[in-house]
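# Structure at a glance
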Amino acid sequence: MHKKTAILIFANSSEEECKSKSLPSGSALYDRFNKETLLTVKKTGLPYLLFTEKEQIGKGFGERFVNAIQEVYDKGFQNVITIGNDSPNLNKTHLLKAAEELDRNNFVLGPSKDGGFYLMGLSKEYFTPNLFLKLPWQTARLAKSISRLIAANKIDVIKLEALTDVDDFRDIKNLLNRFEHVSESLRELLLSLIPLQKNDFFFTTEKIETIFSKLFYNKGSPILN
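My aim in this report is to walk through the structure given alongside it, one point at a time. (Residues numbered from 1 in each chain as written. Predicted model: local features only at pLDDT ≥ 70, side-chain atom pairs only at ≥ 80, totals over all residues. Heavy atoms only, no water.)

## Focus: the environment of Lys159
Note that Lys159 resides in strand 6 (residues 158-159). The exposure class of Lys159 is exposed, given its relative accessible area of 54%. The spatial distance from the C-alpha of Lys159 to the C-alpha of Val108 is 5.8 Å, given a sequence separation of 51 residues. Discounting chain neighbours no more than four positions away, the residues touching Lys159 are Leu109 and Ser147. (Helix = DSSP H or I, 4+ residues; strand = E, 2+ residues; numbered from the N terminus. Buried < 20%, exposed > 50% of the residue type's maximum accessible area, 1.4 Å probe, protein only. Contact = heavy atoms within 4.5 Å.)

This is the structure we're talking about:
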């Protein structure tokens, strides 16, 4: 089962991430994301390939991403599950669910709440590089565009639950506001990156107390399951 499926981790180093994302002092966060993503993938027992900026080939994001997918297929795999490094709620259950769906379906999508996706799984026979290169990569239209592309080819899209990507301070605030399940230590790291200002009403005294109450009762991390 799943022997023909590989996970593609398409994620830059923490240093490279900080060049393109608006999180000052975010190096520690992306370093943590990279480590936990890799640990999560290893817990699935599935084969995986890691593509950082050193392994990626191409000019723009879309070209580098499409080339990475093609390289996984060229290694003999029939299904690829692609993920990034900035979805702290991603756990092994999502990955194994995607692999299970790919045993009987051809396309799986894990939409992110910003309009993109945190996971895409697809079979080799339905991967057309030229069409994928034309998609609006790194925009809020991406997930819908992929769904339309697949629907046009009469392929059913299996969708997983939507998760939050973390690209900036607003994403961190949204993640904490929703009390989405992340590890205690990661929540503390996220809190430390948010600048507290007099006019920032996000963290009232009551909000901080509620967050740390959640910290006390949220033992263990679903990321590490």
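## What about the nonpolar core?
Membership of the largest hydrophobic core comes to 28 residues, with the highest contact counts inside it found for Val72, Phe107, Phe117, Met120, Phe132, Trp137 and Ile146. Elements that contribute at least two residues to this core include exactly strand 1 (5-10), strand 2 (48-51), helix 3 (61-74), strand 4 (107-111), strand 5 (117-123) and helix 6 (142-152). Here this core gets six residues from one element, more than from any other, and that element is helix 3. Excluding residues within four positions of it along the chain, Val72 makes contact with Ala6, Leu8, Leu49, Phe51, Phe77 and Val80. (Core = buried A, V, L, I, M, F, W, Y, C linked by side-chain atoms within 4.5 Å.)

## Section: the packing of helix 2 (residues 27-44) against helix 4 (residues 92-102)
Packing of helix 2 against helix 4 brings their axes to within 9 Å, and their N-to-C directions diverge by 50°. When the axis of helix 2 is compared with that of helix 4, the two are oblique. Here helix 2 runs over helix 4; the crossing is right-handed. Here helix 2 contributes Thr40, Val41, Lys43 and Thr44 to the contact with helix 4, which in turn contributes Lys92, Leu95 and Leu96. Residues of the contact of helix 2 with helix 4, tallied by class, amount to three nonpolar, two polar and two charged. (Axes fitted to C-alpha atoms, helices over the stretch in contact; angles between N-to-C directions. Parallel < 35°, antiparallel > 145°, perpendicular 65-115°, else oblique. Left-handed = near helix turned anticlockwise from the far one by under 90°. Nonpolar A, V, L, I, M, F, W, Y, C, P; charged D, E, K, R; others polar.)

## Section: the environment of Val41
Along the polypeptide, Val41 turns up in helix 2. Remark: the alpha-carbon pair of Val41 and Ile9, spanning 32 residues in sequence, is separated by 8.6 Å. In contact with Val41, other than residues within four places in its own chain, are Ile7, Ile9, Tyr48, Ile83 and Leu95.

## Topic: the packing of aromatic side chains
The geometry of an aromatic ring pair is captured by the separation of the ring centres together with the interplanar angle, meaning the angle of the planes. Under the criterion given, the structure shown has ten aromatic pairs. Look at Tyr30 and Phe33: their rings are 5.8 Å apart centre to centre, the planes differ by 85°, and that puts the pair in the edge-to-face class. Here Phe33 and Tyr30 lie together in helix 2, a separation of three residues that amounts to about one turn. The burial state of Tyr30 is the same as that of Phe33; both residues are buried. Summarising the aromatic geometry, the rings of Phe61 and Trp137 are spaced 6.0 Å apart at their centres and angled 55° between planes, so their arrangement reads as tilted. With Phe61 in helix 3 and Trp137 in the loop between helix 5 (129-133) and helix 6, this residue pair connects regions lying 76 residues apart in the sequence. Of the residues examined, Phe61 reaches a relative accessible area of 23% and is grouped as partly exposed. An aromatic cluster is defined as three or more aromatic residues linked by ring pairs; in this entry it consists of Phe10, Phe61, Phe65, Phe117 and Trp137. (Phe/Tyr/Trp six-rings, centres within 6.5 Å; stacked < 30°, edge-to-face > 60°.)

That is the geometry; function is a separate question.
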